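Here is what each chain is made of, one letter per residue.
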Amino acid sequence: CCHKELRPQLDRRLKDDDDPALSELLRHGVLADRHAEAVTDAMRCLALEAAGYASRVVEWAPLDHTAKNTMIVATLGGARDGDVVKARLAALATRHGVTRHKLCGLLGVDLP
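A brief report on the enclosed structure follows.

Cut-offs and rules
Residues numbered from 1 in each chain as written. Predicted model: local features only at pLDDT ≥ 70, side-chain atom pairs only at ≥ 80, totals over all residues. Heavy atoms only, no water. Helix = DSSP H or I, 4+ residues; strand = E, 2+ residues; numbered from the N terminus. Buried < 20%, exposed > 50% of the residue type's maximum accessible area, 1.4 Å probe, protein only. Expected span 1.5 Å × (residues − 1). Arc of directions from axis to C-beta. Polar contact = N/O pair within 3.5 Å; in protein donor to acceptor, adjacent residues only side chain to side chain. Axes fitted to C-alpha atoms, helices over the stretch in contact; angles between N-to-C directions. Parallel < 35°, antiparallel > 145°, perpendicular 65-115°, else oblique. Left-handed = near helix turned anticlockwise from the far one by under 90°. Contact = heavy atoms within 4.5 Å. Nonpolar A, V, L, I, M, F, W, Y, C, P; charged D, E, K, R; others polar.

Side note on the side chain of His-96
Next, step 1: Here His-96 is to be found in helix 4 (residues 82-96).
Next, step 2: What makes His-96 buried here is its relative accessible area of 10%.

Here we look at helix 4
Next, step 1: Taking 1.5 Å as the rise per residue, helix 4 with 15 residues should run 21 Å; its terminal C-alpha atoms sit 21 Å apart, in good agreement.
Next, step 2: Those residues of helix 4 that sit buried are Val-85, Leu-89, Leu-92, Ala-93 and His-96. One side of helix 4 holds all its buried residues, which, seen down the axis, span an arc of 95 degrees.
Next, step 3: Measuring from the side-chain oxygen of the N-cap residue of helix 4 to the backbone nitrogen of Asp-83 gives 2.9 Å; that N-cap residue is Asp-81.
Next, step 4: One or two residues past the end of helix 4 sits Gly-97, with phi positive at roughly 70 degrees.

A word on the packing of helix 3 (residues 29-50) against helix 4
Next, step 1: Taken N-terminus to C-terminus, the directions of helix 3 and helix 4 make an angle of 155 degrees; their axes are 9 Å apart at the nearest point. Considering their axes alone, helix 3 and helix 4 lie roughly antiparallel with respect to each other. Handedness of the helix 3/helix 4 crossing: left-handed. For the pair formed by helix 3 and helix 4, the contact residues are His-35, Val-39, Ala-42, Met-43, Leu-46, Ala-47, Glu-49 and Ala-50 on the first element and Val-85, Lys-86, Arg-88, Leu-89, Leu-92, Ala-93 and His-96 on the second.
Next, step 2: Per-class residue counts for the contact of helix 3 with helix 4 are 10 nonpolar, 2 polar and 3 charged.

What follows is the structure, encoded as structure tokens:
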């Protein structure tokens, strides 16, 4: 369940996208990777929340040790309104052309 799963879907969306600002951001490989990582983490949080977890993203190691320094902490219960979260997840997935995401599948959360 990593950004490498989403990157090809984001690339396909980029080819069809008429948003010049986003196209400029995603035409550079390194920036496209970082964008894919951010979208992946946001979708992970929303999928967890849709399944009844409260989630938060924390920095777990200083940037000088690793560029991959975010961790998602999820605890069962205390999640936001499930319908609102599912709508936000659907909007994020639709905007980025994501039709499948491993964690969503494992949690039984449908994507549009």
